[in-house]
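Residue-level structural notes
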Amino acid sequence: MNGEKKLLQVDRVTVSFHVGGFIAGGRLLAVNNVSFSLDAERPEIFAVAGESGSGKTTLARVLLHDLEPTQGRVVFEGRDLSTIKRRRDAMEFMRKVQPVFQNPFETFSPLRRVEDYLFETAIQFGRAKNRRAAAPIVDEALHQVGLSLEEVRQRYPHELSGGQIQRVSVARALIPQPHLILADEPVSMVDASLRMSIVNLFKKLRDEQKVSVVYITHDLATAYYISDRIAIMLRGVVVESGPVEKVLGNPLHPYTKLLQESVPKPVVTEREQWARPINLGAMEVKEYGRVGCKFAGRCPHVMEICKHAEPPTLEVEGRAVKCYLYGEDAAQSNPSSRSSGNLSSGNLSSGKL
Ligand SMILES: Nc1ncnc2c1ncn2[C@@H]1O[C@H](COP(=O)(O)OP(=O)(O)O)[C@@H](O)[C@H]1O
Ligand SMILES: [Mg+2]
């Protein structure tokens with residue numbers, strides 16, 4: 001981590017919310033000691049995946065400088081976000097880190113033409129002085145997502161399809177020429193048949209525009225397809241992270257395995273498939289409140305220690321995994337846990353990627 005130039009450093013970020021009396025202390029760690037970094041020289045797509053209620057959006061808000069972490073820090077291009085106070089600096093940060101949100105109809109008011117947002121973005125971030133000068137810039141951004149100014153001219157959001165409007169969201173994010181795009185569930189409201197065409201845009205941006213992308217999703221299928229590295233989040237905690245072909249190709253953490261097995265089949269087209277069978281609410285509160293592994297209550301391999309002490313993050317087979325199954329000590333103290341097969345012991349890692 002030292003020495004190399006970093007685009008983004010997320011350093012032991014924790015966000016604590018007050019939630020009343022359900023959890024000991026009335027605090028919920030929506031993001032719990034999360035660390036990762038993105039290289040400045042090598043653009044990549046970094047996925048953050050997990051069920052709903054895992055802290056993904058809270059993490060996104062911290063990365064967008066919309067929320068101060070309770071602990072830890074975020075450094076973007078060498079600058080600690082907590083030092084950004086002046087409006088000019090905030091604008092410069094916003095220019096470089098652009099969001100794409102889940103619901104395009106929240107980004108675009110139904111009462112305004114979509115082109116107005118695009119022109120405004122170009123003018124606001126200093127790429128053009130007026131609409132006339134902005135037109136070629138807007139048209140170019142739309143071309144990058146397979147549309148044109150001609151096609152969206154005079155249109156209101158509801159006159160575009162879900163796939164088209166989300167493409168326009170991506171085009172809007174491109175206008176300021178960002179270095180990082182932070183996309184929070186950008187395709188969960190898009191028809192399954194169109195999802196690939198949207199996520200493929202991120203691949204294209206990485207390869208052609210050298211833009212890095214933090215892709216937040218509960219959809220492992222698209223994450224597997226487009227991302228280079230992935231972090232699996234459960235109740236605020238990163239339980240497994242590393243190159244996507246390792247983490248999803250051969251998951252080690254029991255939670256990653258569960259998620260992978262519940263990837264919806266292509267025939268099922270409705271959204272939010274695998275968020276459904278899990279009974280959020282009561283379970284969410286309980287899992288956030290656990291002192292040991294957050295997955296202990298659902299894990300088929302659970303051991304006594306998992307219920308009482310937070311597992312260490314271990315380096316195993318080319319990824320980081322936060323699970324006692326892979327630790328020497330735990331495995332020795334509970335030999336029966338090794339009977340379940342392909343477990344190997346790992347070395348303590350810093351938990352960073
Ligand atoms: N402002 C807030 N105040 C209190 N709790 C919050 C707040 N924002 C989110 N949470 C809680 O934090 C947890 C993680 O939420 P969120 O980050 O939205 O997860 P995800 O995006 O993975 O669905 C949830 O239990 C949610 O209820
Ligand atoms: Mg969310």
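To be clear, the structure that these remarks concern was listed above.
An account of the accompanying structure is given in this report. Predicted, not measured: the structure shown is a model, and the values here were computed from it.

As for the sheet that holds strand β2 (residues 27-39)
Spatial strand order, β2-β1-β4-β5: 4 strands in an open sheet with antiparallel pairing. Edge positions in the sheet fall to β2 and β5 (79-80), since each of these pairs with one other strand and no more.

Focus on empty space enclosed by the protein
Scanning the entire structure with this criterion turns up 1 cavity of 30 Å³ or more. The space that makes up the largest cavity amounts to roughly 90 Å³. Together, 15 residues line the largest cavity, and Pro254, Cys293, Cys299, Cys306 and Cys323 are the ones closest to its centre. Classifying every residue of the lining of the largest cavity by side-chain character gives 12 nonpolar, 2 polar and 1 charged.

Here's the deal with the packing of helix α4 (residues 114-124) against helix α5 (residues 131-144)
As a packed pair, α4 and α5 sit with axes 9 Å apart at the nearest point and diverge in direction by 110 degrees. On the basis of the axis angle, α4 is roughly perpendicular to α5. Taking contact as the criterion, the partners of Glu115, Asp116, Leu118, Phe119, Ala122 and Ile123 in α4 are, on α5, Arg131, Ala134, Ala135, Val138 and Leu142. The class makeup of the residues in the contact of α4 with α5 is 8 nonpolar, no polar and 3 charged.

Quick look at the site of ligand 1
In the neighbourhood of ligand 1, 13 residues make up the surrounding shell, with Gly53, Lys56, Thr57, Thr58 and Glu284 lying closest. Note that an oxygen atom of ligand 1 is positioned 2.6 Å from one of the backbone N or O atoms of glycine 53. Contact distances for ligand 1 include 2.9 Å between an oxygen atom and a side-chain N or O atom of lysine 56. Among the elements that line the shell around ligand 1, the one with the most residues is helix α1 (residues 56-63), at 3 residues. Among the residues forming the shell around ligand 1, the class breakdown is 4 nonpolar, 6 polar and 3 charged.

Quick look at the packing of helix α7 (residues 162-174) against helix α8 (residues 192-209)
The geometry of α7 relative to α8 is characterised by a closest axis approach of 10 Å and an angle of 15 degrees between their N-to-C directions. In terms of their interaxial angle, α7 and α8 are classed as roughly parallel. Viewed along their axes, α7 and α8 form a crossing whose handedness is right-handed. In this structure, α7 uses Gly163, Gln166, Arg167, Val170 and Leu174 to contact α8, whose residues at the interface are Leu194, Ser197, Ile198, Leu201, Phe202 and Leu205. Along the lines of polarity and charge, the residues of the contact of α7 with α8 split into 7 nonpolar, 3 polar and 1 charged.

Notes on the pattern of salt bridges
Applying the stated criterion to the full structure yields 23 salt bridges. The partner of aspartate 11 in a salt bridge is arginine 12, and the shortest N-O contact between them spans 3.2 Å. Of the residues examined, aspartate 11 reaches a relative accessible area of 8% and is grouped as buried. Given the relative accessible area of 48%, arginine 12 is considered partly exposed. Between glutamate 115 and arginine 131 there is a salt bridge, with the nearest N and O atoms lying 3.3 Å from each other. Taken as a pair, glutamate 115 in helix α4 and arginine 131 in helix α5 lie far apart in primary sequence, 16 residues in all. Classification of glutamate 115 by relative accessible area gives buried; the value is 3%. A relative accessible area of 40% means that arginine 131 is categorised as partly exposed. Residues joined by salt bridges that share partners form a network here, namely Glu51, Arg235, Glu287 and Arg298.

About the thresholds
Residues numbered from 1 in each chain as written. Chains lettered and ligands numbered in written order. Predicted model: local features only at pLDDT ≥ 70, side-chain atom pairs only at ≥ 80, totals over all residues. Heavy atoms only, no water. Pairing = 2+ DSSP bridges. Helix = DSSP H or I, 4+ residues; strand = E, 2+ residues; numbered from the N terminus. 1 Å grid on protein atoms, 1.4 Å probe; cavity = no way out; pocket = protein on both sides within 12 Å on 5 of 7 lines; lining within 4 Å. Points joined across faces, edges and corners; volume = space filled by probe spheres on them. Nonpolar A, V, L, I, M, F, W, Y, C, P; charged D, E, K, R; others polar. Axes fitted to C-alpha atoms, helices over the stretch in contact; angles between N-to-C directions. Parallel < 35°, antiparallel > 145°, perpendicular 65-115°, else oblique. Contact = heavy atoms within 4.5 Å. Near = heavy atom within 4 Å. Polar contact = N/O pair within 3.5 Å; in protein donor to acceptor, adjacent residues only side chain to side chain. Left-handed = near helix turned anticlockwise from the far one by under 90°. Salt bridge = Lys/Arg side-chain N within 4 Å of Asp/Glu carboxyl O. Buried < 20%, exposed > 50% of the residue type's maximum accessible area, 1.4 Å probe, protein only.

From the geometry alone we can't say anything about function, so treat these as descriptive.
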